[in-house]
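Survey of secondary and tertiary structure
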Amino acid sequence: MRKAVTIAMAFTTLAVAPNASAQAYPTRPVTIVVGFAPGGGTDTVARVMQRKLAEYLGQSIVVENRAGAGGAIAAGVVSKANPDGYTIMLGTIAALAVAPHLNSKLPYDPLRDFAPISLATVSGNVLVVHPSVQAKTIAEFVKEANSRPGGIAYGTSGIGSAGNLAGELFRLMAKANLVHVPYKGGGPAMSDLLGGQIPSVFASATTATPQVKSGKLRALGSTGTKRSASLPDVPTIAEQGYPGYEATNWYAYVAPAKTPKDIVARLNREIVKTLRDPETHGLILNQGEEPTPSTPEELAMHIEREHATWGRVIKEAGIPVEQ
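Just so it is clear, the model here is predicted, and its values are computed rather than measured.

This part covers the side chain of threonine 206. You can see threonine 206 is positioned in helix 8 (residues 205-213). The buried category is assigned to threonine 206, whose relative accessible area is 3%. At 2.8 Å, the side chain of threonine 206 forms a polar contact with the side chain of glutamate 289. Setting aside residues no more than four positions away along its own chain, threonine 206 makes contact with Gly41, Thr44, Val45, Gln287 and Glu289.

Structurally, threonine 156 is set in strand 5 (residues 152-156). The class of threonine 156 is buried, set by a relative accessible area of 1%. A polar atom in the side chain of threonine 156 sits 2.7 Å from the side chain of histidine 180. Dropping the residues within four chain positions of it, threonine 156 is found in contact with Ser161, Gly163, Asn164, His180, Val181, Pro182, Tyr183, Gly185, Ala189 and Phe202.

Another point: the confidence of the model for the protein chain. Detailed reading of the predicted coordinates is not advisable wherever pLDDT falls low. Per-residue confidence for the protein chain gives a mean pLDDT of 91; residues scoring 70 or more make up 93%. Low pLDDT, under 50, characterises residues 1-18; the predicted model gives this stretch one contact beyond four residues in sequence or across chains.

Relative to the 32 Å expected for 22 residues at 1.5 Å per residue, helix 11 (residues 296-317) spans 31 Å between its end C-alpha atoms, a close match to the ideal helical length. Those residues of helix 11 lying buried are Pro296, Leu299, His302, Ile303, Glu306, His307, Trp310, Gly311, Val313, Ile314 and Ala317. In this structure, the buried side of helix 11 is in contact with helix 4 (93-98), strand 4 (114-129), helix 6 (162-174), strand 9 (248-256) and helix 9 (261-276). Within two residues after helix 11, glycine 318 carries a phi angle of roughly 70°, on the positive side.

All of the buried residues in helix 7 (residues 186-195) are Gly186, Gly187, Ala189, Met190 and Leu193. The buried residues of helix 7 occupy an angular sector of 160° when projected down its axis, which confines them to one face. Buried residues in helix 7 make contact with strand 4, strand 5, strand 7 (200-204) and helix 8. Glycine 196 occupies a position one or two residues after helix 7 and carries a positive phi of about 80°.

Each value, and the rule that gives it
Starting afresh in each chain, residues are numbered from 1 along the sequence in its written order. Only residues with pLDDT of at least 70 are given local features in this predicted model, and only at 80 or more are side-chain atom pairs given and counted; all residues enter the totals for whole chains, interfaces and linings. In computing side-chain properties, one takes all heavy atoms of the structure into account and sets aside hydrogens as well as water. Strands are runs of DSSP state E lasting at least two residues, helices are runs of H or I lasting at least four, and both sets are numbered from the N terminus onward. Accessibility here uses a 1.4 Å probe with only protein chains present; expressed as a share of the type maximum, an area under 20% marks a residue as buried, one over 50% as exposed, and anything in between as partly exposed. Polar contact is the term for a pair of N or O atoms within 3.5 Å; when the atoms are in protein, one must be able to donate a hydrogen and the other to accept it, and sequence-neighboring residues count only if both atoms are side-chain atoms. Contact criterion: two residues are considered in contact whenever any of their non-hydrogen atoms come within 4.5 Å of each other. The pLDDT value tells you how sure the predictor is about a given residue, anywhere from 0 up to 100. To estimate the expected span of a helix, count its residues, drop one, and scale the result by 1.5 Å. This arc is taken over the directions from the axis of the helix to the C-beta atoms.

Right, dumping it as structure tokens:
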């Protein structure tokens, strides 16, 4: 009888151990890896959410920048991190849906190597130009690009980024002479645009809005289906003679695959609360992003859809695949 009780207690302990561990989580700081340099849209959203998310989790949040390869370097690091909930990523469309179509040797599979947590934000990009560019509208920009020897260069946060996809889709639809210049994040691209080293950038609304409002740059069009909440006077590209044009950007939180479901659920709960917190929600909106919390299951379906959609666009645009 005593032996039977001992065995029963052992099984009970095994059954409750994972839950007990999850209930204790987190017991130390949580690192959020961002795949771009400081100052870009992803980095800004991560830092805007940092304080409130730390409060809800009861532990400090460390934002770590691992720039390069359109966010793929960061994704590779996080995909191989210990699946204990202490290293997660605020990823983008580039790393989570586009990169597999551009790099045949990608060290991770976004559909297999991550545990989706929640969408964070969705927004359109904005085509912004340096004051040296004469164009005031999208039509004038296309005309100027096609009249310049060598066309007009446009910068983005990297190959395969949302800005790159927005630019290539626009180049195809407008038959414009545009040349892509990839950077290691939206921050560096914006710095070169402000300095006049590059004439135009397809930038996240987060990165573009402050510079447009200050009068340092001119916004010609947004890439979403509706105007940016932070730049309501800037018409969409679709409005300006290109119906059907749409290229939205999104950020999402993911953890390494095999992260315990109860830890993913805890992260989801606190991230959703942070996105819905009135102060944080307002700060994100002011940056030109729309807070868009989701369930892990909804995010998984979203990534699968985007993966398929942009795979088709990349093939049609003839964007070269790195072998």
